[in-house]
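Here is what each chain is made of, one letter per residue.
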Amino acid sequence: MVAAVLICDDSNLARKQMARVLPAEWQNQLHFAGHGAEALDILKRQPIELLFLDLNMPVLDGYQVLAAIQQQKLQVRTIVVSGDIQPEARERVMAFGALDFIKKPVDQHKLQQVLASLPAQLSQPGQTSETAVSPRPRGASSDVQLSAELRDVFQELSNVAMGQAGDLLARLLNVFVKLPIPNVNLIEVSELHMALASVEQKESTSAVCQGFIGGGVAGEALLILNDSSFKEIARLMQFEGELTTQVELELLMDIANILIGAVLKGLAEQIDMSFSQGHPVVLGQHMPVAELIKTNAKRWRKTLAIEISYGIEHYDISCDLLLLFTEDSLKTLNYKVEFLLEE
């Protein structure tokens, strides 16, 4: 009996990658959902034996889907496949009844182990699919545009890198980091403030910028932290002294080093590159976001902007990490991700 399988992920790239590594015998019984609500609708309409479920999705996220499956007693085995690799994320999904947790990008050996543990009628780990994806025409990478397909790819790459950085921060501070869906756009300098829509424009902020370069790709990472977050961060780091401007700067640098370094490393590994990072530069302390951007906007032209807004559960801490790639970097980046689409 061939398994009826549902792959639920908001990334088209992630759905394709997951489908490729599943047994060839399953390919005619694969179903796809782009968010949790769509997955639940499919589960209610037709029998599905196995669900591969992402966590960070719009409409309904993976946790909400797992809760609904449990509450509605839907008969489906669920394996979570996520870029959120925090230990607590795994504990939470297992508590909801998930069979297992596979981190992104999917490790073939881990997947084979998981499939081998399934009941005999589902387990077909011997041969994976070689389903082809229509190749993108060569030369498209030179156009300074961001198609929906490329935006999806960059969002999925950022999702994995974001999860690695969140895991590092979670382990360091012994907290659960709330991870968003990364926001990816090709923007003009005049539109830069729109990429920071999640930050209150009237709220005082502090920011650090760090340049990076490698293999034909260059850019700057901008970390913006709301001033209201410093007291909570100091408490998390068990700092008991006076919270001076210098101490706040040190805390800002610590967070920037963790998040910027981990996200860049995660991105570089996925596209087979390495980045060299420059010295961090303080863009400003205790400034409104609008003023901070106006003061430093001359640094950027048209840019590929990736925004990640981190939060920490049960704490009033919020920071925005913005990766800004130069216009000249887009040709190289597009060329790199084409190979992901064609694998």
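This text goes with the structure placed above it.
This section reports on the structure supplied with the text. (Residues numbered from 1 in each chain as written. Predicted model: local features only at pLDDT ≥ 70, side-chain atom pairs only at ≥ 80, totals over all residues. Heavy atoms only, no water.)

**Quick look at the nonpolar core**
Part 1: Grouped together as the largest cluster of nonpolar side chains are 58 residues, with contacts concentrated most on Phe154, Leu223, Leu259, Tyr310 and Phe325.
Part 2: When contributions to this core are tallied by element, the ones reaching two or more residues are helix 6 (148-173), strand 8 (204-214), strand 9 (217-226), helix 7 (230-236), helix 8 (245-270), strand 12 (303-312), strand 13 (318-326) and helix 10 (330-342).
Part 3: With 15 residues, the top contributor of residues to this core is helix 8.
Part 4: When neighbours within four sequence positions are excluded, Leu223 is seen to be in contact with Ser206, Ala207, Val208, Leu252, Ile255, Ala256, Leu259, Ile260, Cys319, Asp320 and Leu321. (Core = buried A, V, L, I, M, F, W, Y, C linked by side-chain atoms within 4.5 Å. Buried < 20%, exposed > 50% of the residue type's maximum accessible area, 1.4 Å probe, protein only. Helix = DSSP H or I, 4+ residues; strand = E, 2+ residues; numbered from the N terminus. Contact = heavy atoms within 4.5 Å.)

**What about the environment of Ile85?**
Part 1: Summarising the element assignment, Ile85 is placed in the loop between strand 4 (77-82) and helix 4 (87-95).
Part 2: Assessed through its relative accessible area of 22%, Ile85 is described here as partly exposed.
Part 3: The spatial distance from the C-alpha of Ile85 to the C-alpha of Leu168 is 9.4 Å, given a sequence separation of 83 residues.
Part 4: Those residues in contact with Ile85 that sit more than four places away from it in its chain are Phe101, Lys103, Gly163, Gln164, Asp167 and Arg171.

**Topic: the environment of Gln277**
Part 1: Mapped onto the elements of the fold, Gln277 is located in strand 10 (residues 276-277).
Part 2: Residue classification places Gln277 among the partly exposed residues on the basis of a relative accessible area of 37%.
Part 3: In this structure, the C-alpha to C-alpha distance between Gln277 and Gly219, residues 58 residues apart in sequence, is 9.8 Å.
Part 4: Ignoring anything within four residues of it in the chain, the contact list for Gln277 reads Gln210, Gly211, Phe212, Ile260, Gly261 and Leu264.

**Notes on the layout of surface pockets**
Vacant regions in the atomic arrangement are exposed by a probe of water-molecule size rolled over the atoms.
Part 1: Looking at the largest pocket, its volume works out to about 460 Å³.
Part 2: Lining the largest pocket are 24 residues, and of these Ala14, Gln17, Met18, Pro105 and Val106 lie nearest its centre.
Part 3: For the lining of the largest pocket, the elements supplying multiple residues, two or more each, are strand 1 (5-8), helix 1 (12-20), strand 3 (50-53) and helix 6.
Part 4: Counting residues per element, the lining of the largest pocket draws most heavily on helix 1, which supplies 5 residues.
Part 5: Among the residues forming the lining of the largest pocket, the class breakdown is 14 nonpolar, 3 polar and 7 charged. (1 Å grid on protein atoms, 1.4 Å probe; cavity = no way out; pocket = protein on both sides within 12 Å on 5 of 7 lines; lining within 4 Å. Points joined across faces, edges and corners; volume = space filled by probe spheres on them. Nonpolar A, V, L, I, M, F, W, Y, C, P; charged D, E, K, R; others polar.)

**Section: the packing of aromatic side chains**
Part 1: Applying the stated rule across the entire model yields 2 aromatic pairs.
Part 2: Between Phe212 and Phe275, the ring centres sit 5.3 Å apart and the planes meet at 65 degrees, which makes this aromatic pair edge-to-face. Within this pair, whereas Phe212 is found in strand 8, its partner Phe275 is found in the loop between helix 8 and strand 10, the two being separated by 63 residues in sequence. Pair check on accessibility: Phe212 and Phe275 agree, each one buried.
Part 3: A centroid spacing of 5.4 Å and a plane angle of 75 degrees characterise the contact between Phe212 and Phe325, whose relative ring orientation is edge-to-face. (Phe/Tyr/Trp six-rings, centres within 6.5 Å; stacked < 30°, edge-to-face > 60°.)

**So, the sheet that holds strand 3**
Sheet strands line up and pair through hydrogen bonds in the backbone, either parallel or antiparallel.
Part 1: Taken together, 5 strands build an open sheet; the order of strands is 2-1-3-4-5 and the sheet is parallel. The open sheet is flanked by strand 2 (30-33) and strand 5 (100-103), the only strands paired with a single partner. For this sheet, the mean inter-axis angle between neighbouring strands, taken without regard to orientation, is 20 degrees.
Part 2: In this sheet, strand 5 lies alongside strand 4 in parallel orientation, the contact comprising 4 bridges. Each bridged residue has a counterpart across the sheet, and for Ser82 the counterpart in strand 5 is Lys103.
Part 3: Contacts from helix 1 reach strand 1, strand 2, strand 3 and strand 4 within the one sheet, and its direction differs from that of strand 2 by about 160 degrees. (Pairing = 2+ DSSP bridges. Axes fitted to C-alpha atoms, helices over the stretch in contact; angles between N-to-C directions.)

**What to know about unusual backbone geometry**
Part 1: Cis peptide bonds are those with omega within 30 degrees of zero, and the linkage from Lys104 to Pro105 qualifies with -15 degrees.
Part 2: With respect to the secondary-structure elements, Pro105 resides in the loop between strand 5 and helix 5 (108-116).
Part 3: With phi around 55 degrees, Lys73 is a residue other than glycine that occupies positive phi space.
Part 4: Here Lys73 shows up in the loop between helix 3 (62-71) and strand 4.
Part 5: Given the relative accessible area of 65%, Lys73 is considered exposed.
Part 6: The phi torsion at His314 lies on the positive side, around 75 degrees, for a residue other than glycine.
Part 7: When you line up the elements, His314 lands in the loop between strand 12 and strand 13.

**Describing empty space enclosed by the protein**
Part 1: Tallied over the full model, the rule gives 5 cavities of 30 Å³ or more.
Part 2: By volume, the largest cavity is sized at about 70 Å³.
Part 3: Forming the boundary of the largest cavity are Phe154, Leu157, Leu267, Ile271, Phe275, Leu304, Ile306, Phe325 and Leu333.
Part 4: In the lining of the largest cavity, the residues fall into 9 nonpolar, no polar and no charged.

**Focus: the pattern of salt bridges**
Part 1: A complete count under the given rule lists 11 salt bridges for this structure.
Part 2: Arg92 serves as the salt-bridge partner of Glu88, at 2.6 Å between the closest nitrogen and oxygen. Here Glu88 pairs with Arg92, and both are found in helix 4, just 4 residues apart, close to one helical turn.
Part 3: For Glu88, a relative accessible area of 30% corresponds to the partly exposed category.
Part 4: Owing to a relative accessible area of 24%, Arg92 belongs among the partly exposed residues under this scheme.
Part 5: Arg92 is paired through a salt bridge with Glu313; the nearest N and O atoms lie 2.5 Å apart. Here Arg92, found in helix 4, pairs with Glu313, found in the loop between strand 12 and strand 13; they are 221 residues apart in sequence, far enough to count as distant. (Salt bridge = Lys/Arg side-chain N within 4 Å of Asp/Glu carboxyl O.)

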